[in-house]
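# Fold and contact review
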Amino acid sequence: MDLLFYPARAIDAGVWAGTLPAAEAARLPGAPLKIAGPHVVLMDRPAWNGTALTAPFAGISVLALGHGDTAIFLSAEAGRAAPACETPGANATAVPPTPAEAASPLPPLVPRRGRDRGADEVFVHACEELGPDLVRVARALLERIRATYDGALGQTDHPRKFVETPDNFWGVEVQPRRRAIKLIVRASEVRLLAAGLPYETERPPSYWAMRVRGDGDGDVETALKFLALARER
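The structure reproduced in this document is the subject of the present report.

### Section: the overall build of the chain
In terms of helices and strands, the chain carries six helices and 15 strands. Pairs at least 24 residues apart make up 66% of the contacts formed inside the chain by residues separated by at least 6 positions. With an accessible surface of roughly 10,800 Å², the chain has 54% of that area assigned to carbon and sulfur atoms.

Here's what the structure looks like:
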C-alpha cells in the first residue's frame, strides 16, 4: 500500500517539504525523537510527480515528531545524487534498522567479493576498550554500510581513526578519553538540520560529526540515522 502526501515541493535532491497533520504523523511507523520544528519522515522508494509525494507504507519511518502540519520528507537514498523528481520503480535502498533490529546481536562481518576488510575488524577491536555497548555500535554501523556499499575502512595516520575507501563519505574515530566513537559523514547540512539530529562541525561545508556513547538502543538508532545521511560522490 502506498501513502500519498499532498501538496509536496522539492527543496533539494531527495528532500521535500509538504503537509502532514500531527495526528497522522503520530500514527506512522518509526521511533521518533520529539522536536520543536517540522516532522521528519524517511522514505524508501519515494515518487514525486511535481505536486504530490507517494511511498510504500512499509518503507516509511518517522525520524522526528514535531509540531503542526508541516513535514520534511527524506529519501532513504540519503543524499546520493538523484533527480529531485523520482518515478515509481526507482532502485530501492535499505531503511535504517528499527530499535529492535539495532539492539539485536549482530553476526561477524563477512567480506564480499574478496575485498580485504581487515581494517573493519581493527576498528571493531579498537572499540573493545570502550566496552561491549560501543562494540555493538561499531558492528551496527558497519553492517548498515556493508549492506549497500562494497567498500572497506582504511586506517589513517591516526591509529584510532578510520575512513571509508575508495570513497571517504564516512569515517570514525575511537576516543577512549571521551568513552565515545566519533562518527563523521559527508552530508548536506540542510539534511542534518531537517533530520533534527545532533551534530558538530568537522570540515564544513561538507563534513559533520557526532559522538556516540552507546547509552542504550536510542543512541545506536541515532547513530544509524546520522550515518544514513552520508552522501557518496
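Next, the rest of the story.
### Description of the packing of aromatic side chains
Under the counting rule described, the total for this entry stands at four aromatic pairs. Look at Y149 and F169: their rings are 4.8 Å apart centre to centre, the planes differ by 75°, and that puts the pair in the edge-to-face class. Remark: F169 occurs in the loop between β11 (161–165) and β12 (170–175) and Y149 occurs in the loop between α4 (132–146) and β10 (152–155); sequence separation between them is 20 residues. Considered together, Y149 and F169 belong to a single accessibility category, that of buried residues. When the ring centre of Y207 is taken as reference, the NZ or CZ atom of R203 above it lies at 4.4 Å.

### Here we look at the pairing of strand β13 (residues 180–186)
For β13, a buried count of seven out of seven residues is recorded, marking the element as mostly surrounded by other parts of the structure. Of the two faces of β13, the one lined by A180, K182, I184 and R186 and the one lined by I181, L183 and V185 are each fully buried. Taken together, the six bridges between β12 and β13 define a ladder with antiparallel strand orientation. If you follow Q175 over to β13, its bridge partner there is A180. The turn linking β12 back onto β13 is made up of four residues, and R179 within it adopts a positive phi angle of 55°. The pairing of β13 with strand β15 (residues 207–212) spans six bridges and is antiparallel. Within β15, the position partnered with I181 by the bridge is V212.

### A short note on the sheet that holds strand β14 (residues 200–203)
If you trace the six strands from one edge of the open sheet to the other, you get β10-β11-β12-β13-β15-β14, paired in antiparallel fashion. Because the sheet does not close on itself, it has two edges, and the strands there are β10 and β14. The sheet shows a mean angle of 30° between the axes of neighbouring strands, direction not considered. Sheet strands in contact with helix α3 (residues 118–126) are β10, β11, β12 and β13, and its direction is about 70° off that of β10. α4 contacts β10, β11, β12, β13 and β15 of the sheet and is inclined by roughly 20° relative to β13.

### Structural notes on the nonpolar core
In terms of nonpolar packing, the biggest core is built from 49 residues, with L74, F123, W170, V172, I181 and L183 touching the most fellow members. At eight residues, α4 tops the list of elements feeding residues into this core. Once residues within four sequence positions are removed from consideration, F123 is found in contact with A138, L142, L153, F162, V172, V174 and I181. By size, the runner-up hydrophobic cluster in this structure holds 17 residues, among which are L3, W48, L65 and F73.

Quick notes on the rules
For every chain, the first residue of the written sequence is number 1, and numbering continues from 1 onward in sequence order. Where local features are concerned, this predicted model is filtered to residues with pLDDT of at least 70; where side-chain atom pairs are given and counted, the filter is 80 or more; whole-chain, interface and lining totals use all residues. Here the side-chain values reflect all heavy atoms present in the structure, with hydrogen atoms and water set aside. Numbering goes from the N terminus for both helices and strands, where a helix is a DSSP run of H or I of at least four residues and a strand is a run of E of at least two. What makes two residues a contact is simply this: any of their non-hydrogen atoms within 4.5 Å. Per-residue accessibility takes into account occlusion by the displayed protein chains alone, with areas from the Shrake-Rupley method and a 1.4 Å probe. Stacked, edge-to-face and tilted labels apply to pairs of Phe, Tyr and Trp rings (six-membered ring for Trp) whose centres lie within 6.5 Å, assigned for plane angles under 30 degrees, over 60, and everything in between, in that order. Residue burial is assigned from relative accessible area. The probe radius is 1.4 Å, only protein chains are included, and a residue is buried under 20% of its type maximum, exposed over 50%, and partly exposed in between. Note on geometry: a ring has a charge over it if NZ (lysine) or CZ (arginine) is within 6 Å of the ring centre and within 35 degrees of the ring normal. Think of it this way: DSSP has to see at least two bridges between two strands before they count as a pair. Geometry is summarised by axes, namely lines fitted to C-alpha atoms with helices restricted to the contacting stretch, and by angles between N-to-C directions that run from 0 to 180 degrees. The term nonpolar core refers to a set of buried residues drawn from Ala, Val, Leu, Ile, Met, Phe, Trp, Tyr and Cys, joined through side-chain atoms within 4.5 Å.

It is worth stressing that arrangement in space is one thing and function is another; only the former is reported here.
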